[in-house]
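# A structural walkthrough
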Amino acid sequence: MQNNSVINQNCRLDNRGGIFIGKNVSISAEVTILTADHDMRSPTFSGRVKGVRIEDYVFIGTRALILPGVTLEVGSAVGAGSVVVKSIPPYEIHAGVPARKIGMRPENLSYTLKHIRIFH
């Protein structure tokens, strides 16, 4: 995890396939990030492992689910409760089940996260 990134309470991070988290990333409460699953089309129900990459200035809303192999490119955002099944391009906002593009963020993001949790 890089500088000034925040992982809030009750998140599940499955790191079997590796998770990269960039700078100034905000991961809200109860987010799940998976890096392994099973191939439903395999006669042997074989396991698969695929890393997740979360680049700088990404925001992930409460209770979102990020599936294996996804990249959240710089500045992208995921709405609360969304299920992200494929990578999100830079600065796009995605929401829903499955997550789809609903808007854009500005490309000149320059904030620094300084998170102080008041209640635990």
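Structure: see above.
So, here's what we can say about the structure. Given the structure is predicted, the values throughout are model-derived calculations rather than measurements.

Helices and strands together make up the secondary structure of the protein, namely 0 helices and 15 strands. Compactness check: the protein gives a C-alpha radius of gyration of 14 Å against a globular reference of 14 Å for 120 residues, within 12% of the reference. Counting only C-alpha atoms and orienting by the principal axes, one finds that the protein spans roughly 50 × 30 × 20 Å. The 120 residues of the protein split such that 38% are buried. Here the analysis covers contacts within the protein between residues at least 6 apart in sequence; of these, 28% occur between residues at least 24 apart.

All right, on to the pairing of strand S14 (residues 92-95) then. Across the two faces of S14 the burial differs, with Glu-92 and His-94 buried and Ile-93 and Ala-95 not buried at all. Taken together, the 2 bridges between strand S12 (residues 77-78) and S14 define a ladder with parallel strand orientation. The residue bridging Val-78 from the neighbouring strand is His-94, located in S14.

A full pass over the atoms with the stated rule returns 5 salt bridges. With a shortest N-O distance of 2.4 Å, Arg-63 and Glu-30 are connected by a salt bridge. Here the residue Arg-63 occupies a position in the loop between strand S9 (59-60) and strand S10 (65-66), and Glu-30 occupies one in the loop between strand S4 (26-27) and strand S5 (32-33), the gap between them amounting to 33 residues. Accessibility expressed as a relative area gives 30% for Glu-30, which makes it partly exposed.

Right, let's get into unusual backbone geometry. With an omega of -10°, the peptide bond between Val-97 and Pro-98 qualifies as cis. A positive phi angle is found at Asn-4, which is not glycine, with a value near 60°. Relative to the helices and strands, Asn-4 is located in the segment before strand S1 (6-7). Non-glycine residue Asn-24 carries a positive phi angle of around 55°. Inspection of the secondary structure puts Asn-24 in the loop between strand S3 (19-21) and S4. The exposure class of Asn-24 is buried, given its relative accessible area of 6%.

Glancing now at the packing of aromatic side chains. With the rule as written, the count across this model stands at 1 aromatic pair. Centroid distance Tyr-57 to Tyr-111: 5.0 Å. Interplanar angle 85°. Geometry classified as edge-to-face. Of this pair, Tyr-57 sits in the loop between strand S8 (52-54) and S9 while Tyr-111 is found in the segment after strand S15 (100-104), placing the two residues 54 residues apart along the sequence. Assessed through its relative accessible area of 18%, Tyr-57 is described here as buried. It is Arg-53 that lies over the ring of Phe-20; its NZ or CZ is 4.2 Å from the centre.

Ranked by internal contacts, the top residues of the largest apolar core, which has 17 residues, are Ile-27, Ile-54, Ile-60, Ile-66, Leu-72, Val-78 and Val-84. Among residues more than four places away in sequence, those in contact with Leu-72 are Arg-53, Ile-54, Glu-55, Val-58, Ile-60, Ile-66, Val-78, Val-84 and Ile-88.

Thresholds, definitions, all that
Residues numbered from 1 in each chain as written. Predicted model: local features only at pLDDT ≥ 70, side-chain atom pairs only at ≥ 80, totals over all residues. Heavy atoms only, no water. Helix = DSSP H or I, 4+ residues; strand = E, 2+ residues; numbered from the N terminus. Rg over C-alpha atoms; globule rule 2.2 N^0.38 Å. Buried < 20%, exposed > 50% of the residue type's maximum accessible area, 1.4 Å probe, protein only. Contact = heavy atoms within 4.5 Å. Pairing = 2+ DSSP bridges. Salt bridge = Lys/Arg side-chain N within 4 Å of Asp/Glu carboxyl O. Phe/Tyr/Trp six-rings, centres within 6.5 Å; stacked < 30°, edge-to-face > 60°. Lys NZ or Arg CZ within 6 Å of the ring centre and 35° of its normal. Core = buried A, V, L, I, M, F, W, Y, C linked by side-chain atoms within 4.5 Å.

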